[in-house]
Amino acid sequence: MTTLCGQTLGEGSYAAMEAEPDCANCIRRSHDPSRISGAFFAQEEGSELLRLSLEQARSRKPDLRVLPSHHVERDKPVVWPAPKAPEDAVPDEIGELVTRGFKPSGEGVWRSPGGVIVRMRKQGREWRFAELVFEGEVVATRVENGLRIKAGDVEVSPSGDGLEVRLKKRAGT
C-alpha cells in the first residue's frame, strides 16, 4: 500500500484504524482532492474501478436523435451590412492650410492637437484662412511681408500672395 505522503508499506505492516493520521504530510495532502484521487487510482482497486467505468461507458449507446423544436424559425438569409467606402484621405494642403497634424472638425473647420481652431473660408474654388481661435497666449510679430501669428501650436505666416497656416515646427525638426 502507498500512503498519501508517498511511503510504501509492505503487506502486514499496517492495519486499518479509526484514529486520525499522525503523519504531517498525509494530513496536509488529505485535503487535496487530486492527491486522494491519484493515490486511489494508483492502487489495484482504482484501476479496476476505472476499467469497469470505461466498460460501462462503451456499452451505453449515445442518443444521437435530433429533436425538432417548435420554436425553430425557417433559415433566414444573413444580411451583411453594406460595405463602407474608405474615408477620403485628407490632402496635404487645403488652400492656405497645411493639414498635417490637424483634425477636421466640420466644413472648413480644423483643430490642432494643442486645441487651436482654424476656420477656413472658400473663396471661389480656393480655401483661404478666415479665423483663428485659441484660449491662450497669442504672439503677433511683424515680418518683412506682413504679420506672423503664433497661437499655441499653430503658426500663420505670410506666403507668396496669401498666408500659410501650419503646425509650428518643433525645435530640432
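Because the structure is predicted, anything quoted here is derived from the model rather than measured.

Chemist: Would you mind going over the overall build of the protein in detail, with residue names and values included?
Modeler: Counting its regular elements, the protein contains three helices and 10 strands. For the protein, the α and β elements follow one another from N to C terminus as α-α-α-β-β-β-β-β-β-β-β-β-β. Evaluated residue by residue, the protein yields a buried proportion of 16% over its 173 residues. Across the protein, contacts joining residues at least 24 apart in sequence account for 27% of those joining residues at least 6 apart.

Chemist: Mind laying out the sheet that holds strand β5 (residues 117-123), listing which residues take part and the relevant values?
Modeler: Pairing within the open sheet is antiparallel, and its four strands lie in the order β3-β4-β5-β6. Two strands bound the open sheet, and with one partner strand each, they are β3 (103-104) and β6 (126-133). By the bridge criterion, three bridges tie strand β4 (residues 109-111) to β5 in an arrangement that is antiparallel. Each bridged residue has a counterpart across the sheet, and for W110 the counterpart in β5 is V118.

Chemist: I'd love a proper account of the pattern of salt bridges, names of residues and values included.
Modeler: Inspection of the entire model under this criterion finds four salt bridges. Here R128 and E96 are joined by a salt bridge, their closest N and O atoms 3.6 Å apart. Of this pair, R128 sits in strand β6 while E96 sits in the loop between β1 (93-94) and β2 (97-98), and the two are 32 residues apart along the sequence. Overall, the relative accessible area of 31% leaves R128 in the partly exposed class.

Chemist: So what about the environment of T141? Which residues, and what values?
Modeler: Structurally, T141 can be placed in strand β7 (residues 138-143). With a relative accessible area of 37%, T141 lands in the partly exposed category. Residues T141 and S157, 16 residues apart in the sequence, show an inter-C-alpha distance of 9.6 Å. Sequence-distant contacts of T141, that is, excluding residues within four places in its chain, are made with G146, L147 and R148.

Parameters and conventions
- Residues numbered from 1 in each chain as written.
- Predicted model: local features only at pLDDT ≥ 70, side-chain atom pairs only at ≥ 80, totals over all residues.
- Heavy atoms only, no water.
- Helix = DSSP H or I, 4+ residues; strand = E, 2+ residues; numbered from the N terminus.
- Buried < 20%, exposed > 50% of the residue type's maximum accessible area, 1.4 Å probe, protein only.
- Contact = heavy atoms within 4.5 Å.
- Pairing = 2+ DSSP bridges.
- Salt bridge = Lys/Arg side-chain N within 4 Å of Asp/Glu carboxyl O.

Everything listed here is a matter of coordinates, which is why it stays silent on function.
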